[in-house]
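One letter stands for each residue in the lines below.
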Amino acid sequence: MNSDHKSPAAPCSAELLLRLKEAGRIVVFTGAGISAESGVPTFRGENGLWKKFRPEELANIDAFMRNPDLVWQWYQHRKEVISSVRPNAGHDAIAAMDQRYPSCIVVTQNIDDLHRRAGSRTVHELHGNIERNYCMTCRRPATPEEIAGQTKAPLCVACGGLVRPDVVWFGELLPEEEWNASVEAATAADVFFAVGTSSVVYPAASLPTDARRAGAYLVEVNIERTDLSPMADEVLLGKAGEVLPALLAYVEH
Ligand code: OAD
């Protein structure tokens, strides 16, 4: 039965506590909400990026071809924001699970690298990474030195093609290896956490329900209920940076 866990005495149900004590394989699937407490804006919701900017003007290949410099500058701006922030208690708790469990795989829709910076060792980035860039013509990765300080979309030093951020835009396929590894991890998980995601962008959003169908106990962590909530075994309402450390401390108690 699906339940929202709100007991003041314990941060989760007895069922989840038992599952977490016995689990060998944990998967943590994250979205922009996990980085919100670090100061990285989310996409949807009141102060979300998509309230201020139109995704069709910034996050797809046609937009980039139409106005490469505008899209480039937007990603440079986001990169500056991301490089000025630090992982928060939520990222840290997930990295701590990496130490506690035989397998703790992070599958993230975020491009901010904060899970790795917090110490998580296996991180599948479904939507790319803002630190990487590559040439659209010859696919050569651009080095950080080549793109440093570029205020306009740079040209490839090898072939003169346009260099773009290595992120997934709307309408593009997810990186195949990362996706296959994520599906494999999800369908082998004992406990699957969906943390800080509105769970509306597919195919990533299919992972929690795929995991549950394959036998995982599905736990959602979010400040509010989402479209995924009715499918979850348990919904932990609250900030990831508060809920996850409390949960971990409770399991280790
Ligand atoms: P969204 O902005 O759609 O959702 C963020 C979720 O985090 C919401 O459900 C919030 O309620 C929740 N949230 C906010 N603060 C939180 C906190 N402190 N603790 C826990 N939850 C919190 O972001 P995503 O689901 O990541 O794709 O969006 C998915 C994709 O849509 C992104 O990867 C991006 C975007 O368009 C592309 O750009 C391709």
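Quick caveat: nothing in here was measured; it's all calculated off a predicted structure.

A. Quick peek at helix H6 (residues 68-83). Here H6 contains 16 residues, and its C-alpha end-to-end distance of 22 Å stays within 8% of the 22 Å for a straight helix at 1.5 Å per residue. Looking at H6, one finds that the buried residues are Pro68, Val71, Trp72, Trp74, Tyr75, Gln76, Arg78, Lys79 and Ile82.

B. Looking closely at the site of the ligand. Taken together, 24 residues are adjacent to the ligand, and Phe43, Arg44, Thr197, Ser198 and Asn222 come closest. With respect to the ligand, the side chain of Glu37 contributes an N or O atom lying 2.8 Å from a nitrogen atom. Taking Arg44, its side chain carries an N or O atom lying 2.5 Å from an oxygen atom of the ligand. Considering the ligand on its own, with 800 Å² of exposed area, one finds that the protein chains cover 93% of that surface. Within the shell around the ligand, the residues separate by chemical class into nine nonpolar, 11 polar and four charged. Counting the residues that make up the shell around the ligand, at least three belong to each of domain 1 (1-40 + 87-127 + 174-253) and domain 2 (41-84 + 132-167).

C. Region of interest: the packing of aromatic side chains. All chains considered together, the criterion is met by five aromatic pairs. With 5.3 Å between their ring centres and 45 degrees between their planes, Phe64 and Trp169 make a pair best called tilted. In this pair, Phe64 sits in helix H5 (residues 61-66) while Trp169 sits in the loop between strand E6 (163-167) and helix H10 (176-188), placing the two residues 105 residues apart along the sequence. Seen from their ring centres, Tyr75 and Trp169 are 6.2 Å apart, and the 55 degrees between their planes marks the pair as tilted.

D. Here's a closer look at the side chain of Ser229. Within the fold, Ser229 resides in the loop between strand E8 (217-222) and strand E9 (234-237). You can call Ser229 buried: its relative accessible area is 0%. A distance of 2.7 Å separates a polar atom in the side chain of Ser229 from the backbone nitrogen of Thr226.

E. Geometry of the packing of helix H1 (residues 14-22) against helix H12 (residues 240-252). Running from N to C, H1 and H12 point in directions that differ by 70 degrees, and their axes come no closer than 10 Å. As summarised for this structure, H1 and H12 are arranged roughly perpendicular, according to the angle between their axes. Each of Leu16, Leu17, Leu20 and Lys21 in H1 lies in contact with H12, whose residues at this interface are Leu247, Tyr250 and Val251. Here the contact of H1 with H12 is built from residues that sort into six nonpolar, no polar and one charged.

F. Up close: the nonpolar core. Counting residues in each nonpolar core, the largest one holds 28 residues, and the members touching the most others are Leu16, Leu20, Ile26, Met97, Val191, Phe193 and Leu244. If you list the elements that add at least two residues to this core, you get H1, strand E2 (25-30), helix H7 (89-100), strand E3 (103-108), strand E7 (191-195), E8 and H12. No other element matches the six residues that H12 contributes to this core. Contacts of Leu16, omitting those with residues within four sequence positions, involve Val191, Tyr217, Val219, Glu234, Leu236 and Leu247. Within the second largest apolar cluster, 25 residues are counted, among which are Val71, Tyr75, Ile130 and Val163.

G. Spatial organisation of the domain arrangement of the protein. The domain boundaries assigned to the protein delineate domain 1 (1-40 + 87-127 + 174-253) and domain 2 (41-84 + 132-167). For domain 1 versus domain 2, the distance between C-alpha centres works out to 28 Å. Taken together, the 13 residues of domain 1 in the interface contact 11 residues of domain 2. Counting the surface lost from both domain 1 and domain 2, the interface buries some 900 Å², and carbon and sulfur atoms represent 65% of this. If you sort the residues of domain 1 by the area they bury against domain 2, Ala32, Val40 and Ile111 come out on top, with a joint share of 46%.

Calculation rules
- Residues numbered from 1 in each chain as written.
- Predicted model: local features only at pLDDT ≥ 70, side-chain atom pairs only at ≥ 80, totals over all residues.
- Heavy atoms only, no water.
- Helix = DSSP H or I, 4+ residues; strand = E, 2+ residues; numbered from the N terminus.
- Expected span 1.5 Å × (residues − 1).
- Buried < 20%, exposed > 50% of the residue type's maximum accessible area, 1.4 Å probe, protein only.
- Near = heavy atom within 4 Å.
- Polar contact = N/O pair within 3.5 Å; in protein donor to acceptor, adjacent residues only side chain to side chain.
- Areas by Shrake-Rupley, 256 points an atom, 1.4 Å probe, with all protein chains shown as cover.
- Nonpolar A, V, L, I, M, F, W, Y, C, P; charged D, E, K, R; others polar.
- Domains from an automatic or database assignment.
- Phe/Tyr/Trp six-rings, centres within 6.5 Å; stacked < 30°, edge-to-face > 60°.
- Axes fitted to C-alpha atoms, helices over the stretch in contact; angles between N-to-C directions.
- Parallel < 35°, antiparallel > 145°, perpendicular 65-115°, else oblique.
- Contact = heavy atoms within 4.5 Å.
- Core = buried A, V, L, I, M, F, W, Y, C linked by side-chain atoms within 4.5 Å.
- Buried area = accessible area lost by both parts, 1.4 Å probe.

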